[in-house]
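Here's the letter readout for the chains.
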Amino acid sequence: MNKYLTPKKYLKKAQYYWDKIYYGCRYNLENLRMIEKQKFNEMGFKYDDALEKLNNILCELGKPNFASQKGMGSIHWVLFCGVSHIESINNILEIGTYDGETALLLSKIFPNSTITTVDLPDSDPIFSKSYQRDDPDIRKSFKDRQKQNLLHPRITFLQVNSFFIPGILNQKFDLIWIDGGHLYPEIAWDICNAYHLCNQSGWLMCDDVIPEKNGFRDNYISPDSLNVLEYLSQRTGDRVTYFLKRESPEWSANPHKRKYVAVMRKS
């Protein structure tokens, strides 16, 4: 059988087109945009100013502006810029470096900050098994790209399982971006560690939150982060606001797969 037409891939493709038709016609983008901009206002962010700053930085990096990202631009880029207009951020922690693109972007948005970014050692089996990095060519391309993005002198790259962060880092952070594993158990200790490492009045942000307890789950995303964030919010009294990650119908029309970026300010 042609490897491109396996039953699993055929069903996945059929599900994609079904979602596109069924949910697409019910997707009210203008209404969602109004809701999301209201959230920005409530957080004290100025969306237009944040977007302008982001586009200037993307231009500097030789990348297309936010509106031209063809659905791949994520709202956390705009949120970072929103924070930069109202807060003086000195120390940033990123949990989940991936290829270093976000760390590089943070260095541009917060030009006076130091950035510590943490990801798995190359020897960790999870590192090899995810994102096809068991393929030597893909792995080399990934590592070359990561190395280039992390060359900035204010970026420190630590290769360690995030479980061990409390024993390694002896400082607090003004902004923590959580984008490591999104399943139990990793997401639980990442959010808890981040909360304890965050300064008072600091910002916690978490990527790829599925805000439905029975929402979509695969090897990379799940509703697990929602459960941890809601537990933390109930115990601390700190509010969590969820911002739609991408507005493109391809990513967000199906409410069960719709991903959000969580923002919490530690009181």
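See the structure printed just above.
None of the values given here were measured: they were computed from a predicted structure. (Residues numbered from 1 in each chain as written. Predicted model: local features only at pLDDT ≥ 70, side-chain atom pairs only at ≥ 80, totals over all residues. Heavy atoms only, no water.)

Peer 1: So what exactly am I meant to see when it comes to the packing of aromatic side chains here?
Peer 2: Both the distance between ring centres and the angle between the ring planes are used here to describe each pair of aromatic rings. With the rule as written, the count across this model stands at 13 aromatic pairs. Plain terms: the ring middles of F45 and W203 are 5.5 Å apart, the flat faces sit at 40° to each other, and that makes the pair tilted. In this pair, F45 is assigned in the loop between α2 (29-43) and α3 (47-60) and W203 in strand β5 (residues 198-209), connecting sequence segments 158 residues apart. Accessibility classification places F45 together with W203 in one group, the buried group. (Phe/Tyr/Trp six-rings, centres within 6.5 Å; stacked < 30°, edge-to-face > 60°. Helix = DSSP H or I, 4+ residues; strand = E, 2+ residues; numbered from the N terminus. Buried < 20%, exposed > 50% of the residue type's maximum accessible area, 1.4 Å probe, protein only.)

Peer 1: Which parts of the structure should I look at to understand the pattern of salt bridges?
Peer 2: A side chain of one charge can pair with a side chain of the opposite charge when the charged atoms of the two come close. This model, assessed by the stated rule, comprises 14 salt bridges. One salt bridge in this structure joins K39 and E36, with 3.0 Å as the shortest N-O distance. Of this pair, K39 and E36 both sit in helix α2, three residues apart, which is roughly one turn of the helix. A salt bridge links E101 to K63, with the shortest nitrogen-to-oxygen separation between them at 3.3 Å. Pair noted here: E101 is in helix α5 (residues 101-109) and K63 is in the loop between α3 and α4 (75-86), with a separation of 38 residues, a long-range link. (Salt bridge = Lys/Arg side-chain N within 4 Å of Asp/Glu carboxyl O.)

Peer 1: Just to check I follow, could you spell out unusual backbone geometry for this structure?
Peer 2: Trans is the prevailing form of peptide bonds, just as negative phi is the prevailing case for residues other than glycine. The omega angle of the peptide bond from Y184 to P185 is 0°, so this bond is cis rather than trans. Assignment of secondary structure puts P185 in the loop between β4 (173-178) and α8 (186-197). Positive phi, normally seen in glycine, also occurs at S201, with a value near 70°. Residue position: S201 is located in strand β5. Residue classification places S201 among the partly exposed positions, given a relative accessible area of 40%.

Peer 1: Where do I start with helix α9 (residues 224-236) in this structure?
Peer 2: Working note: α-helix, 3.6 residues per turn, so residues spaced by three or four point in the same direction. Its 13 residues give α9 an end-to-end C-alpha distance of 19 Å, which sits within 8% of 18 Å, the value for a rise of 1.5 Å per residue. Residues of α9 that are buried: D224, S225, L226, V228, L229, L232 and S233. Against α8, β5, β6 (240-244) and β7 (260-265) lie the buried residues of α9. (Expected span 1.5 Å × (residues − 1). Contact = heavy atoms within 4.5 Å.)

Peer 1: Any chance you could explain the pairing of β6 here in plain terms?
Peer 2: Regular strands place their side chains on alternate faces of the sheet. Where burial is concerned, most of β6 is hidden: five out of the five residues are buried. Alternating positions in β6 separate into two faces, V240, Y242 and L244 on one and T241 and F243 on the other, with burial throughout. Of the strand pairs in this sheet, β6 and β7 are connected by five bridges, and their pairing is antiparallel. Looking at the pairing, L244 lines up with Y260 of β7. (Pairing = 2+ DSSP bridges.)

Peer 1: Please explain the sheet that holds β5 as it appears in this structure.
Peer 2: Adjacent strands of a sheet pair through backbone hydrogen bonds, lying either parallel or antiparallel. Taken in spatial order, the seven strands line up as β3-β2-β1-β4-β5-β7-β6 in an open sheet, and their pairing is mixed. Two strands lie at the open edges of the sheet, namely β3 (155-159) and β6, each paired on one side alone. Averaged over all neighbouring strand pairs, the angle between strand axes comes to 15°, with direction disregarded. Strand direction decides the pairing type here: strand β1 (residues 91-95) and strand β2 (residues 114-119), joined by five bridges, are parallel. Of the residues in β2, the one forming a bridge with I95 is V118. With respect to the sheet, α9 is in contact with β5, β6 and β7, its orientation differing from that of β5 by roughly 155°. (Axes fitted to C-alpha atoms, helices over the stretch in contact; angles between N-to-C directions.)

Peer 1: Mind showing me how you'd approach the nonpolar core here?
Peer 2: The tendency in soluble globular proteins is for nonpolar side chains to be buried as a group. Of all hydrophobic cores here, the largest spans 33 residues; its most connected members are L79, F110 and L175. If one sorts the elements of this core by residue count, α4 sits on top with seven residues. If we skip the residues at most four places from it in the chain, F110 touches F80, V83, S84, I89, I92, R154 and L175. Grouped together as the second largest cluster of nonpolar side chains are 32 residues, I187, C206, V209 and L232 included. (Core = buried A, V, L, I, M, F, W, Y, C linked by side-chain atoms within 4.5 Å.)

Peer 1: Hey, could you run me through the environment of K13 in this one?
Peer 2: Looking at where K13 falls in the secondary structure, it is placed in helix α1 (residues 7-22). On a C-alpha basis, the gap between K13 and K39 in space is 34 Å, while along the polypeptide they are 26 residues apart.

Peer 1: Would you explain the environment of D190 in this entry?
Peer 2: Take D190: it is sitting in helix α8. Spatially, the C-alpha atom of D190 lies 34 Å from that of E30, the residues being 160 residues apart in sequence. In contact with D190, not counting residues within four places along its chain, are I95, S162, I178, G180 and G181.

By themselves, these figures tell us nothing about what the structure is for.
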